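Tertiary structure, described
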Amino acid sequence: MDFDFSPEQLAVRDLARELFEKESPPSRLRELWSGAERDRSVWKALGQAGLLEITDPVDLVLVLEEAGRAALPEPIAETLAIAAPVLAEAGSDWVPRVASGEAIVAVQLGGAPFVVDAGDADLLLLERDGELHALPHDAFTATPVQSDDKARRLYAVNAHTGSETRIAGDAGVALDRGAAAVAAVLNGISMRMLEMTLEHVKTREQFGKPVGSFQAVKHKLASAHVRVESARAAAWYAAFAIGAGLPDRSLAASVAKVVAAEAEAIANAEALQCHGGIGFTWEHDLHMWMKRGKALEASFGTAAEHRARVAAHVLSEQADA
Amino acid sequence: MDLRYTDEQEAFRAEVRAWLRAHVPKERLPTVGTREGFDAHRAWEQELGRAGYGALHWPVEYGGRGADVVMTAIFEEEYAIIEGPPRITVLGRNLMGPTLMVHGTPEQKDRWLSRILSADDIWSQGFSEPDAGSDLAGLKTRAVRDGEDFIVDGQKIWTSYGTFSDWIFALVRTDPEAPRHAGITFLAIDMRSPGVEARPLVQVDGRAGFAEVFFTDVRVPATQVIGEVNRGWDVAMATLGFERDAPSAPAGRFERDVAELGSIARALGRDSDAGVRDTIGSLYAQALAYRWHTMRTLTRLARGERIGPEGSVTKVLWSELERDTFAAGRELLGPYGEVLSDEAPQTDPLRWHSKYWFSRAATIYAGTSEIQRNIIAERVLGLPRK
Ligand SMILES: Cc1cc2nc3c(=O)[nH]c(=O)nc-3n(C[C@H](O)[C@H](O)[C@H](O)COP(=O)(O)OP(=O)(O)OC[C@H]3O[C@@H](n4cnc5c(N)ncnc54)[C@H](O)[C@@H]3O)c2cc1C
């Protein structure tokens, strides 16, 4: 039993962190918020750095955390964590194009009403009646939908599926991959919200001292930290279980999503509370992370849906026993 | 990263499980709050010791099995899952023994270590006092040098297993003039010394679990000072470090407890209630996350790293999970929660009742949640002290 990352994996994380900071700083997010067009420059940079070739879920999980820390507005979880393995298992000829960064894939699973980045996607992976379909760009239409997080581009999709679009694969497994990946992204978002808040409370003074010296403030941040740390362990475990094909991978994915969403909701609430009024302004960066966090809480299964799956596991296990 | 257990570890788990199944007493032992019950628990600990499960993690040179942290955790987990009797050796085995290994003289090690292992000596921890709980350095129990001895006067409180223990390791004030932390000494005291009186304190759950311990002119040989006189604070910090490093609540236990919530829900016909399922789903998810969190900790310990203040994260996680799990059980039981007799739907109402109330202490003992959060905020997150 060894629950840690290798020096190589940590090096890839550091690379991702630097790259995301450079290619997708808060100022870039703000441009997207103001309606700037998306281009492929960031995706190309990810490809050049080799990040889009990562296939192992454990190698990827720290990159996903970093994507959350940066609130990266790119479909890295969808393309790499969900679509790439599905396409590889189906023996699709899209695989090399994904790895090289030539293709972006949007994903619609579990009856999700809107699809993130569908308008920019070269391929759409979707679930219909429990079966998976892969549709190239010209086989579907994507209509933009206004969203709360302006850097998260959502689309309503109109797609005609048939036997010619069907690909082999298990939609349930794909959803597990999605839940586990989004959990890791959520954890990164929580970490960043806490980092911003720590910085703020160490410098913001009231009553002649930093507000971070007040115990009520300390305890809120300590509580959030406790939950985020266990949520990270859960997301890492889920990545491992999926990569190793363990029998508990589906349970692990739901657990990861539940605890990540619960921890993020706490971090989200306490981050704003501890920022006070400044945190409620559009000018401050915090809200861009708060909004991404809230959006992802409901993505690839809400926490409540995943809690129900976990409960079903607990209760059916007893029936079997 | 490889989260699978090795074949050797799996084999060890199977061995432990089989042994515990065959040997854990079928009938619950009488409570440790009576002499008879305490002796029954001691006998059980001696049986564990003879089978080689006394102190797995102790080095072979001290009579342990030299097991690594993972094997030790496997044992603790199996023990928790089968709900073996409470371990009255816990303070000697996990706190005093390791403290002696680091700070004890050769004579002290010879004298006490093997008797801790064989459960011939049961130790208790005399840190807390009526006016010094969270603020441990506020302790007042005095020890005054008199020739080759110290004369101890004062009182300890909330001393787990204190009523019938053989020895107590206590913090005493040896220099009242020195700054708070600099005048404290770590002393081993024989509970049978004249002038020691232990009075059982009945806990909220109705059991006499801990004691108040009074010292009146108790003569303690200076050879029983652990470490140096007036340097007891450092020794105590090492002791608390052992308490914090070990993932104090084995994973697996919470999964079992949440599963039991499931059977209560079933017995009450409420297992399809969406609210009940939501709670069970959340608690079980947290229980598994706790398991994986402790695997991360074990990996670090196995490499010889110390956990330090991050150990407080683990304490908050398990104590609040325990509290929340049993709180959910009490709520689920509704009017059956207060019933102690067999009309209740749970298989063992008394057990559930006692576990519920004991869970209410989890956020108090071994450092309250507030103190843990202070540690996390200041020493992990770097927030200013003042
Ligand atoms: C079941 C049980 C078994 C125990 N076993 C032992 C044992 O074997 N040996 C032993 O020595 N002790 C033992 N204890 C004692 C335990 O360690 C203390 O109860 C604990 O440290 C808290 O101290 P206190 O009870 O004096 O509470 P106090 O310190 O008086 O605390 C009261 C409240 O004030 C809060 N508080 C105190 N200081 C601060 C602060 N700085 N910031 C914020 N909040 C604060 C606390 O969190 C708590 O909520 C046991 C306790 C229990 C309940």
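Residues numbered from 1 in each chain as written. Chains lettered and ligands numbered in written order. Predicted model: local features only at pLDDT ≥ 70, side-chain atom pairs only at ≥ 80, totals over all residues. Heavy atoms only, no water.

**Observations concerning the interface of chain A and chain B**
Taken together, the 49 residues of chain A in the interface contact 48 residues of chain B. Note on chain A versus chain B: buried area summed over both sides is about 4400 Å², and carbon and sulfur give 67% of it. Together, Met1(A), Phe3(A) and Leu315(A) form the three largest contributors to the area buried by chain A at its contact with chain B, with a combined 18%. Between Asp278(B) and Arg307(A) there is a salt bridge, with the nearest N and O atoms lying 2.8 Å from each other. Where chain A meets chain B, there are 19 residue pairs in polar contact (both at pLDDT 80 or more). When residues of the side of chain A that touches chain B are traced back to their parent elements, those giving at least two are helix H7 (171-203), strand E9 (209-210), helix H8 (215-243), helix H9 (249-275) and helix H11 (303-320) of chain A. Among the elements that line the side of chain A that touches chain B, the one with the most residues is H8(A), at 17 residues. Residues belonging to the side of chain A that touches chain B are distributed by class as follows: 29 nonpolar, 9 polar and 11 charged. (Contact = heavy atoms within 4.5 Å. Buried area = accessible area lost by both parts, 1.4 Å probe. Salt bridge = Lys/Arg side-chain N within 4 Å of Asp/Glu carboxyl O. Polar contact = N/O pair within 3.5 Å; in protein donor to acceptor, adjacent residues only side chain to side chain. Helix = DSSP H or I, 4+ residues; strand = E, 2+ residues; numbered from the N terminus. Nonpolar A, V, L, I, M, F, W, Y, C, P; charged D, E, K, R; others polar.)

**Quick notes on the environment of Phe20(A)**
Residues and elements named next belong to chain A. Of note, Phe20 is situated in helix H1 (residues 7-23). The class of Phe20 is buried, set by a relative accessible area of 1%. Spatially, the C-alpha atoms of Phe20 and Ala261 are 23 Å apart, while their sequence positions differ by 241 residues. When residues no more than four places from it in sequence are discounted, the contact partners of Phe20 are Pro25, Leu46, Leu51, Val63, Glu66, Ala67, Ala70, Leu72 and Ile76. (Buried < 20%, exposed > 50% of the residue type's maximum accessible area, 1.4 Å probe, protein only.)

**A closer look at the pairing of strand E7 (residues 210-221) of chain B**
Residue and element names in this part refer to chain B. Examined bridge by bridge, strand E3 (residues 149-160) and E7 share 9 bridges and lie antiparallel to one another. In the sheet register, Ile151 faces E7, and the bridge partner there is Arg219. One ladder, built from 6 bridges, connects strand E6 (residues 196-201) with E7; its direction is antiparallel. What sits directly across from Ala198, in E7, is Val213. (Pairing = 2+ DSSP bridges.)

**Some remarks on the sheet that holds strand E3 (residues 123-128) of chain A**
Residue and element names in this part refer to chain A. Ordered in space as E1-E3-E4-E7, the 4 strands form an open sheet in which the pairing is mixed. The strands lining the two open edges of the sheet, one partner per strand, are strand E1 (105-108) and strand E7 (166-167). One ladder, built from 4 bridges, connects E1 with E3; its direction is parallel. Looking at E3, one finds that Val107 is bridged to Leu125. Along the sheet, helix H5 (residues 76-89) makes contact with E1, E3, strand E4 (131-136) and E7, crossing E1 at roughly 85 degrees. (Axes fitted to C-alpha atoms, helices over the stretch in contact; angles between N-to-C directions.)

**What to know about unusual backbone geometry**
Keep in mind that most residues, glycine aside, have a negative phi and that most peptide bonds are trans. Despite not being glycine, Asn230(B) shows a phi value in the positive range, around 70 degrees. You can see Asn230(B) is positioned in the loop between strand E8 (225-226) and helix H6 (232-245).

**Re the packing of aromatic side chains**
Residues and elements named next belong to chain B. The full count for this structure, using the stated rule, is 24 aromatic pairs over all chains. When the centroid spacing of 5.1 Å and the interplanar angle of 65 degrees are considered together, the rings of Trp19 and Tyr53 count as edge-to-face. Here the residue Trp19 occupies a position in helix H1 (residues 7-23), and Tyr53 occupies one in the loop between helix H2 (35-50) and helix H3 (69-81), the gap between them amounting to 34 residues. You'll find Trp19 and Tyr53 in the same group, each marked buried. Ring plane angle 85 degrees and centroid distance 6.2 Å describe the contact between Phe127 and Phe186, whose orientation is recorded as edge-to-face. (Phe/Tyr/Trp six-rings, centres within 6.5 Å; stacked < 30°, edge-to-face > 60°.)

**Digging into the nonpolar core**
Of all hydrophobic cores here, the largest spans 169 residues; its most connected members are Phe20(A), Leu46(A), Leu64(A), Ile76(A), Leu221(A) and Trp292(B). Contact partners of Leu64(A), with chain neighbours within four places excluded, come to Ile76(A), Ala77(A), Ala81(A), Ala181(A), Ala184(A) and Val185(A). Ranked by size, the runner-up nonpolar core spans 35 residues in total, among them Trp58(B), Met96(B), Trp112(B) and Ile116(B). (Core = buried A, V, L, I, M, F, W, Y, C linked by side-chain atoms within 4.5 Å.)

**A word on the site of the ligand**
Residues in close proximity to the ligand total 17 residues, the closest being Gln215(A), Ser134(B), Trp158(B), Thr368(B) and Glu370(B). Those chains with residues close to the ligand are chains A and B. A distance of 2.6 Å is found between an oxygen atom of the ligand and a side-chain nitrogen or oxygen belonging to Ser134(B). For the ligand, an oxygen atom lies 2.7 Å from a polar atom in the side chain of Thr368(B). (Near = heavy atom within 4 Å.)

**What about the pattern of salt bridges?**
Enumeration according to the criterion identifies 64 salt bridges over all chains in this entry. Its salt-bridge partner being Arg40(A), residue Asp122(A) comes within 2.9 Å of it at the nearest N-O pair. Linking Asp122(A) in the loop between strand E2 (115-116) and E3 with Arg40(A) in the loop between helix H2 (26-33) and helix H3 (41-48), this pair joins segments that are 82 residues apart in sequence. Residue Arg40(A) is classed as partly exposed on the basis of its relative accessible area of 27%. Each of Arg13(B), Arg17(B), Glu77(B), Glu78(B), Glu255(B) and Arg291(B) takes part in one network of salt bridges that share partners.

**Regarding the packing of helix H9 (residues 311-333) of chain B against helix H11 (residues 369-380) of chain B**
Residue and element names in this part refer to chain B. Running from N to C, H9 and H11 point in directions that differ by 150 degrees, and their axes come no closer than 9 Å. Our pair here, H9 against H11, has a crossing hand that is left-handed. Contacts from Ser312, Val313, Lys315, Val316, Ser319 and Glu320 in H9 reach Ser369, Gln372, Arg373, Ile375 and Ile376 in H11. Among the residues making up the contact of H9 with H11, the classes are represented as 4 nonpolar, 4 polar and 3 charged. (Left-handed = near helix turned anticlockwise from the far one by under 90°.)

**Some remarks on a positive patch on the surface**
On the surface, a cluster of positive charge is contributed by Lys209(A), Arg379(B), Arg385(B) and Lys386(B). Positionally, Lys209(A) belongs in strand E9. (Patch = residues over 30% accessible without salt bridge, like charges linked within 9 Å, V, L, I, M, F, W, Y side chains within 5 Å. Areas by Shrake-Rupley, 256 points an atom, 1.4 Å probe, with all protein chains shown as cover. Lys, Arg positive; Asp, Glu negative; His and termini not counted. Charge placed at Lys NZ, Arg CZ, Asp CG, Glu CD.)

**Comments concerning the packing of H9(B) against helix H10 (residues 349-359) of chain B**
Residues and elements named next belong to chain B. For the pair H9 and H10, interaxial distance at closest approach is 8 Å and the crossing angle is 135 degrees. Our classification of the angle between H9 and H10 gives oblique. Pair H9 / H10 crosses with left-handed handedness. Residues Glu322, Arg323, Phe326, Ala327, Gly329, Arg330 and Leu333 of H9 lie in contact with H10, whose contacting residues are Trp352, Lys355, Tyr356, Trp357, Phe358 and Ser359. Considered class by class, the residues forming the contact of H9 with H10 number 7 nonpolar, 2 polar and 4 charged. (Parallel < 35°, antiparallel > 145°, perpendicular 65-115°, else oblique.)

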